[in-house]
Amino acid sequence: MQQAHLKEDRVHGDPLYPIRVYEICCQPGEELLDLHWHDELEFLMLTKGKATFRVSMDDYELEAGEAIFVNGGQLHSGYITSEEECCFTAVVFHPDIVGNGRFDLVGEKYITPLIQQKYVIPAHISRQTASEVELLELLLQVFDLNINELPLYELTTKGLLQLIISKLMMLGGPSYRELPPAVSPTHIDRLKLIIEYIQMNYSGPIRLEELAALVSFSESYFCRYFKNFTGKSPLEYLNQVRSQRAAYLLKDTDKKITEISLDVGFNTLSYFIGVFKAHFGCTPSEYRRKAHA
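Predicted model, so just to flag it, every value in this text is computed and none were measured.

(A) Structural view of the overall build of the protein chain. Along its length, the protein chain carries 10 helices and nine strands. Per-residue burial for the protein chain yields a buried fraction of 48% across its 293 residues. Restricting to contacts in the protein chain with at least 6 residues of sequence separation, those with at least 24 account for 70%.

(B) The arrangement of helix α2 (residues 130-148) in detail. Counted at 1.5 Å a residue, the expected span for α2 with its 19 residues is 27 Å, and the 27 Å between its end C-alpha atoms agrees. When we look at burial in α2, the residues that qualify are Glu-132, Leu-135, Leu-136, Leu-138, Leu-139, Val-142, Phe-143, Leu-145 and Asn-146. Where the residues of α2 are buried, they touch β1 (19-26), β3 (41-48), β6 (67-70), β8 (86-93), β9 (124-125) and α3 (153-172). Of the residues one or two after α2, Glu-149 is the one with positive phi, at around 50°.

(C) The arrangement of the layout of surface pockets in detail. The calculated volume of the second largest pocket comes to roughly 330 Å³. Residue lining of the second largest pocket: 17 residues in total, with Gly-29, Glu-31, Ala-278, His-279 and Phe-280 positioned closest to the centre. When residues of the lining of the second largest pocket are traced back to their parent elements, those giving at least two are β7 (76-80), α7 (234-252) and α9 (269-280). Looking at side-chain class alone, the lining of the second largest pocket contains six nonpolar, six polar and five charged residues.

(D) Structural detail: the nonpolar core. Ile-194, Ile-198, Phe-222, Phe-226 and Phe-276 are the most contacted members of the largest nonpolar core, which has 33 residues in total. Counting only elements with at least two residues in this core, the list comes to α4 (185-201), α5 (208-214), α6 (219-230), α7 and α9. Of the residues forming this core, the biggest block, six residues, is contributed by α7. When sequence neighbours within four positions are dropped, the list of residues in contact with Ile-194 reads Leu-211, Val-215, Phe-222, Tyr-225 and Phe-226. If you look at the next biggest cluster of nonpolar residues, it comprises 31 residues, including Ile-121, Leu-160, Ile-164 and Ile-165.

(E) Examining empty space enclosed by the protein more closely. Under the criterion given, the structure shown has one cavity of 30 Å³ or more. As for the largest cavity, its lining consists of Leu-35, Arg-54, Ser-56, Leu-75, Ile-188, Leu-191, Phe-229 and Thr-230.

(F) Region of the structure containing the state of the cysteines. Going through the model one piece at a time under the given rule, you end up with one disulfide. Sulfur-sulfur distance for the disulfide between Cys-25 and Cys-87 comes to 2.1 Å. Across the disulfide from Cys-25 to Cys-87, rotation about the S-S bond amounts to roughly 110°, and the bridge is consequently right-handed. Linking Cys-25 in strand β1 with Cys-87 in strand β8, this pair joins segments that are 62 residues apart in sequence.

(G) Here's a closer look at the sheet that holds strand β4 (residues 50-55). Within the open sheet, the four strands sit side by side as β2-β7-β4-β5. Their pairing is antiparallel. Either end of the sheet is taken by a strand with one partner, and the two such strands are β2 (33-36) and β5 (58-63). Neighbour to neighbour, the strand axes of the sheet diverge by 20° on average, direction disregarded. Inspection of the sheet shows β2 paired to β7 by two bridges, in the antiparallel sense. Residue pairing for β7: Leu-33 is matched across the bridge by Gly-78.

The rules behind each value
- Residues numbered from 1 in each chain as written.
- Predicted model: local features only at pLDDT ≥ 70, side-chain atom pairs only at ≥ 80, totals over all residues.
- Heavy atoms only, no water.
- Helix = DSSP H or I, 4+ residues; strand = E, 2+ residues; numbered from the N terminus.
- Buried < 20%, exposed > 50% of the residue type's maximum accessible area, 1.4 Å probe, protein only.
- Contact = heavy atoms within 4.5 Å.
- Expected span 1.5 Å × (residues − 1).
- 1 Å grid on protein atoms, 1.4 Å probe; cavity = no way out; pocket = protein on both sides within 12 Å on 5 of 7 lines; lining within 4 Å.
- Points joined across faces, edges and corners; volume = space filled by probe spheres on them.
- Nonpolar A, V, L, I, M, F, W, Y, C, P; charged D, E, K, R; others polar.
- Core = buried A, V, L, I, M, F, W, Y, C linked by side-chain atoms within 4.5 Å.
- Disulfide = S-S within 2.5 Å.
- Pairing = 2+ DSSP bridges.
- Axes fitted to C-alpha atoms, helices over the stretch in contact; angles between N-to-C directions.

Listed below in structure tokens is the structure:
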């Protein structure tokens with residue numbers, strides 16, 4: 001699930017069957033889910049360990065067996081919160097598969113308003129109520145059908161996803177709402193622009209003033225704005241991106257650590273080692289030894 005760019009450019013499933021199920025496992029210290037977004041809808045269930053997922057501006061602590069719903073276009077990320085392996089299974093699907101096509105009553109009355117975030121629906125699906133447990137069990141059926149490609153899995157999955165969306169909307173009311181100014185589409189689009197710029201230019205020098213200028217903000221307002229959405233300062237996020245890219249190079253190449261440090265945008269080796277250790281809990285050389293053990 002880790003991406004070189006903020007918006008995923010992968011195709012989820014086949015154009016005739018735009019549904020894909022993913023199974024991901026990570027070790028403590030690894031980034032469970034990079035900050036990213038996609039136009040498709042997503043249900044993600046934690047199957048092992050504990051983790052915190054951020055959807056838009058809200059954080060949700062999940063234990064195994066719980067799930068989150070991510071609407072189309074919503075920024076989301078996740079990190080491990082325990083000292084054990086963490087795994088999740090996710091189904092990502094295009095809204096057309098549940099009735100978002102033209103001249104479709106279901107699409108006009110339910111799916112389009114859902115995507116526009118006009119319904120009050122929960123992002124976190126726990127096991128506290130019978131309705132939530134029922135929804136989670138339906139998700140497990142979707143995972144099993146698609147992982148094992150059981151007979152009629154495409155047809156059955158489409159029906160189950162429609163039922164799951166219906167039950168999700170009932171958990172929230174359903175009722176209409178107005179989005180607060182802080183999470184308006186304009187604010188979200190600006191944040192996507194900033195983060196994509198960082199993820200595409202992390203290897204070179206990035207100054208706070210140029211990030212603020214991208215969205216025509218003062219530096220002080222920009223810092224508050226960025227942290228409200230991501231939970232991190234711009235520098236913390238930049239160092240996280242650089243550390244993650246360094247981890248990939250440490251695992252997948254034989255480059256020297258000094259060379260990797262420069263490749264990901266750190267000008268001094270000691271600073272790189274300090275930042276990397278703060279993020280992964282070990283030095284770059286220790287990380288490489290563990291990865292190749």
